[in-house]
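Summary of the model geometry
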Amino acid sequence: MDLLGYLRIQAHANALSNHRLGLAVAGLGTADWQALRTGFFPGLALTLNHILAVDLYYIGALHRDSDLREKYAAFAPCATGVEWARRQHDSDLRLVALCDDLDTDAIDAWVELPRRDHVQRDRAGHVLAHLFNHQTHHRGQAHAMLAGTAAAPPQLDEFMLPSEAHLRRADMQALGWGEMAVYGPDR
(Lines give C-alpha, C1' and ligand atoms only; values in the text may rest on other atoms or scores of the structure.)
Protein backbone atom coordinates (compact mmCIF):
# COMPACT_ATOMS: atom_id res chain seq x y z
CA MET A 1 0.00 0.00 0.00
CA ASP A 2 1.30 3.45 -0.81
CA LEU A 3 1.00 6.56 1.35
CA LEU A 4 -1.64 8.15 -0.88
CA GLY A 5 -3.89 5.11 -0.55
CA TYR A 6 -3.36 5.03 3.19
CA LEU A 7 -4.27 8.70 3.62
CA ARG A 8 -7.40 8.23 1.53
CA ILE A 9 -8.47 5.28 3.68
CA GLN A 10 -7.72 7.31 6.83
CA ALA A 11 -9.93 10.17 5.61
CA HIS A 12 -12.79 7.76 4.91
CA ALA A 13 -12.28 5.96 8.25
CA ASN A 14 -12.35 9.32 10.00
CA ALA A 15 -15.62 10.29 8.30
CA LEU A 16 -17.21 6.90 8.99
CA SER A 17 -16.32 7.09 12.69
CA ASN A 18 -17.73 10.60 12.93
CA HIS A 19 -20.85 9.44 11.07
CA ARG A 20 -21.38 6.74 13.70
CA LEU A 21 -20.76 9.19 16.54
CA GLY A 22 -23.16 11.62 14.89
CA LEU A 23 -25.92 8.99 14.82
CA ALA A 24 -25.34 8.34 18.52
CA VAL A 25 -25.30 11.96 19.68
CA ALA A 26 -28.15 13.08 17.41
CA GLY A 27 -30.60 11.33 19.73
CA LEU A 28 -29.30 12.98 22.90
CA GLY A 29 -31.30 15.63 24.67
CA THR A 30 -29.80 18.95 25.67
CA ALA A 31 -28.99 17.77 29.19
CA ASP A 32 -26.91 14.81 27.98
CA TRP A 33 -25.29 16.86 25.22
CA GLN A 34 -24.26 19.63 27.63
CA ALA A 35 -23.57 17.54 30.78
CA LEU A 36 -20.15 17.77 32.37
CA ARG A 37 -18.25 14.48 32.10
CA THR A 38 -14.74 13.20 32.66
CA GLY A 39 -12.41 13.99 29.78
CA PHE A 40 -9.79 16.43 28.56
CA PHE A 41 -12.70 18.64 27.49
CA PRO A 42 -15.25 17.70 30.16
CA GLY A 43 -18.36 16.95 28.13
CA LEU A 44 -19.63 15.66 24.81
CA ALA A 45 -20.50 19.11 23.49
CA LEU A 46 -17.11 20.48 24.50
CA THR A 47 -15.16 17.53 23.10
CA LEU A 48 -17.00 17.18 19.81
CA ASN A 49 -17.05 20.94 19.20
CA HIS A 50 -13.30 20.95 19.81
CA ILE A 51 -12.85 18.23 17.18
CA LEU A 52 -14.91 20.24 14.69
CA ALA A 53 -13.16 23.55 15.37
CA VAL A 54 -9.72 22.00 14.97
CA ASP A 55 -10.80 20.13 11.84
CA LEU A 56 -12.07 23.35 10.26
CA TYR A 57 -8.77 25.05 11.04
CA TYR A 58 -6.44 22.34 9.72
CA ILE A 59 -8.59 21.42 6.71
CA GLY A 60 -8.84 25.13 5.92
CA ALA A 61 -5.05 25.39 6.12
CA LEU A 62 -4.65 22.39 3.82
CA HIS A 63 -7.01 24.10 1.36
CA ARG A 64 -5.11 27.38 1.83
CA ASP A 65 -8.25 29.21 2.98
CA SER A 66 -7.73 32.82 3.95
CA ASP A 67 -8.44 34.26 7.41
CA LEU A 68 -7.91 30.96 9.28
CA ARG A 69 -7.15 32.62 12.63
CA GLU A 70 -10.21 34.82 12.36
CA LYS A 71 -12.45 31.93 11.33
CA TYR A 72 -11.12 29.81 14.20
CA ALA A 73 -11.69 32.63 16.70
CA ALA A 74 -15.24 33.10 15.38
CA PHE A 75 -16.13 29.40 15.63
CA ALA A 76 -19.70 29.00 16.92
CA PRO A 77 -20.12 25.75 18.89
CA CYS A 78 -22.92 23.41 17.92
CA ALA A 79 -25.89 23.64 20.27
CA THR A 80 -27.07 20.07 19.64
CA GLY A 81 -25.74 16.70 18.59
CA VAL A 82 -27.80 16.94 15.39
CA GLU A 83 -26.10 20.21 14.46
CA TRP A 84 -22.67 18.76 15.28
CA ALA A 85 -23.33 15.67 13.14
CA ARG A 86 -24.31 17.83 10.15
CA ARG A 87 -21.41 20.27 10.42
CA GLN A 88 -18.86 17.52 11.13
CA HIS A 89 -20.14 15.55 8.13
CA ASP A 90 -19.60 18.58 5.88
CA SER A 91 -16.07 19.00 7.26
CA ASP A 92 -15.33 15.30 6.83
CA LEU A 93 -16.45 15.32 3.20
CA ARG A 94 -14.14 18.25 2.53
CA LEU A 95 -11.26 16.26 4.03
CA VAL A 96 -12.15 13.14 2.04
CA ALA A 97 -12.22 15.19 -1.18
CA LEU A 98 -8.84 16.71 -0.34
CA CYS A 99 -7.28 13.29 0.32
CA ASP A 100 -8.90 11.78 -2.79
CA ASP A 101 -7.21 14.52 -4.86
CA LEU A 102 -3.77 14.20 -3.27
CA ASP A 103 -0.69 13.40 -5.26
CA THR A 104 2.90 12.96 -4.11
CA ASP A 105 3.70 16.64 -4.69
CA ALA A 106 0.71 17.72 -2.60
CA ILE A 107 1.76 15.53 0.36
CA ASP A 108 5.15 17.25 0.42
CA ALA A 109 3.77 20.77 -0.11
CA TRP A 110 4.29 23.26 2.70
CA VAL A 111 1.19 24.31 4.62
CA GLU A 112 1.04 27.55 6.58
CA LEU A 113 -0.67 27.44 9.96
CA PRO A 114 -1.19 30.98 11.26
CA ARG A 115 -0.85 31.02 15.04
CA ARG A 116 -1.32 33.93 17.46
CA ASP A 117 2.27 35.14 17.25
CA HIS A 118 3.81 33.33 14.27
CA VAL A 119 3.12 31.28 11.17
CA GLN A 120 3.95 27.62 11.60
CA ARG A 121 4.99 25.71 8.48
CA ASP A 122 4.67 21.97 8.07
CA ARG A 123 4.30 19.60 5.16
CA ALA A 124 0.77 18.54 4.23
CA GLY A 125 1.48 14.87 5.03
CA HIS A 126 2.53 15.79 8.56
CA VAL A 127 -0.54 18.01 9.02
CA LEU A 128 -2.79 15.15 7.91
CA ALA A 129 -1.07 12.68 10.25
CA HIS A 130 -1.54 15.13 13.12
CA LEU A 131 -5.19 15.74 12.22
CA PHE A 132 -6.04 12.02 12.08
CA ASN A 133 -4.29 11.43 15.41
CA HIS A 134 -6.13 14.38 16.98
CA GLN A 135 -9.47 13.06 15.79
CA THR A 136 -8.82 9.55 17.11
CA HIS A 137 -7.63 10.85 20.48
CA HIS A 138 -10.69 12.99 21.18
CA ARG A 139 -13.21 10.63 19.54
CA GLY A 140 -12.08 7.98 22.01
CA GLN A 141 -12.89 10.32 24.87
CA ALA A 142 -16.32 11.11 23.40
CA HIS A 143 -16.89 7.38 22.95
CA ALA A 144 -16.24 6.79 26.65
CA MET A 145 -18.50 9.70 27.61
CA LEU A 146 -21.37 8.20 25.62
CA ALA A 147 -21.33 5.22 27.98
CA GLY A 148 -22.85 7.54 30.60
CA THR A 149 -25.86 8.28 28.39
CA ALA A 150 -28.76 6.31 26.94
CA ALA A 151 -26.95 6.26 23.58
CA ALA A 152 -24.83 3.18 22.95
CA PRO A 153 -21.21 4.00 22.12
CA PRO A 154 -20.74 2.96 18.48
CA GLN A 155 -18.01 0.76 17.05
CA LEU A 156 -15.31 3.10 15.72
CA ASP A 157 -12.30 1.02 14.75
CA GLU A 158 -13.26 -1.50 12.10
CA PHE A 159 -12.78 0.54 8.95
CA MET A 160 -9.12 -0.02 8.19
CA LEU A 161 -9.23 -3.69 7.23
CA PRO A 162 -10.65 -4.41 3.78
CA SER A 163 -11.78 -7.85 5.00
CA GLU A 164 -14.26 -6.25 7.42
CA ALA A 165 -16.50 -4.82 4.69
CA HIS A 166 -19.50 -6.67 6.09
CA LEU A 167 -19.20 -4.68 9.34
CA ARG A 168 -19.46 -1.29 7.63
CA ARG A 169 -21.75 -2.06 4.69
CA ALA A 170 -24.73 -0.01 5.93
CA ASP A 171 -22.55 2.99 6.82
CA MET A 172 -20.74 2.86 3.48
CA GLN A 173 -24.08 2.81 1.72
CA ALA A 174 -25.40 5.71 3.84
CA LEU A 175 -22.29 7.73 2.97
CA GLY A 176 -22.54 6.85 -0.73
CA TRP A 177 -19.20 5.04 -0.88
CA GLY A 178 -18.21 1.80 -2.53
CA GLU A 179 -15.54 -0.58 -1.31
CA MET A 180 -13.71 -0.49 -4.66
CA ALA A 181 -13.59 3.31 -4.69
CA VAL A 182 -12.08 3.47 -1.20
CA TYR A 183 -9.82 0.41 -1.19
CA GLY A 184 -9.07 -0.05 -4.87
CA PRO A 185 -9.03 -3.23 -6.96
CA ASP A 186 -6.25 -4.95 -4.97
CA ARG A 187 -8.05 -5.04 -1.64
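**What to know about the pattern of salt bridges**
Evaluated as defined, the whole model comprises five salt bridges. One salt bridge connects R20 with D171, and the closest N-O pair in it is separated by 2.7 Å. With R20 in helix α1 (residues 3-26) and D171 in helix α8 (residues 165-175), the pair connects residues that are 151 residues apart, well separated along the chain. We classify R20 as buried; its relative accessible area is 8%. Owing to a relative accessible area of 12%, D171 belongs among the buried residues under this scheme. A salt bridge links R94 to D65; the nearest nitrogen and oxygen atoms lie 2.9 Å apart.

**Quick look at the side chain of H134**
Along the polypeptide, H134 turns up in helix α7 (residues 124-146). Discounting residues that sit within four places of it in the chain, H134 has contacts with H50, I51 and V54.

**What about the packing of aromatic side chains?**
Applying the stated criterion to the full structure yields three aromatic pairs. Between Y57 and Y58 the ring centres are 5.3 Å apart and the planes differ by 85°, which places this aromatic pair in the edge-to-face class. For Y57, a relative accessible area of 6% translates into the label buried.

**What to know about the pairing of strand β1 (residues 110-114)**
What you see with β1 is a clean split: V111 and L113 sit on the buried side and W110, E112 and P114 on the side with no burial. Here five bridges tie β1 to strand β2 (residues 119-123), and the two strands are oriented antiparallel to one another. Within β2, the residue paired with W110 across the bridge is R123. Taking the residues between adjacent antiparallel strands as the criterion, β1 and β2 are bridged by four residues.

Definitions and limits used
Residues numbered from 1 in each chain as written. Predicted model: local features only at pLDDT ≥ 70, side-chain atom pairs only at ≥ 80, totals over all residues. Heavy atoms only, no water. Salt bridge = Lys/Arg side-chain N within 4 Å of Asp/Glu carboxyl O. Helix = DSSP H or I, 4+ residues; strand = E, 2+ residues; numbered from the N terminus. Buried < 20%, exposed > 50% of the residue type's maximum accessible area, 1.4 Å probe, protein only. Contact = heavy atoms within 4.5 Å. Phe/Tyr/Trp six-rings, centres within 6.5 Å; stacked < 30°, edge-to-face > 60°. Pairing = 2+ DSSP bridges.

Interpretation in functional terms is not warranted from these geometric data alone.
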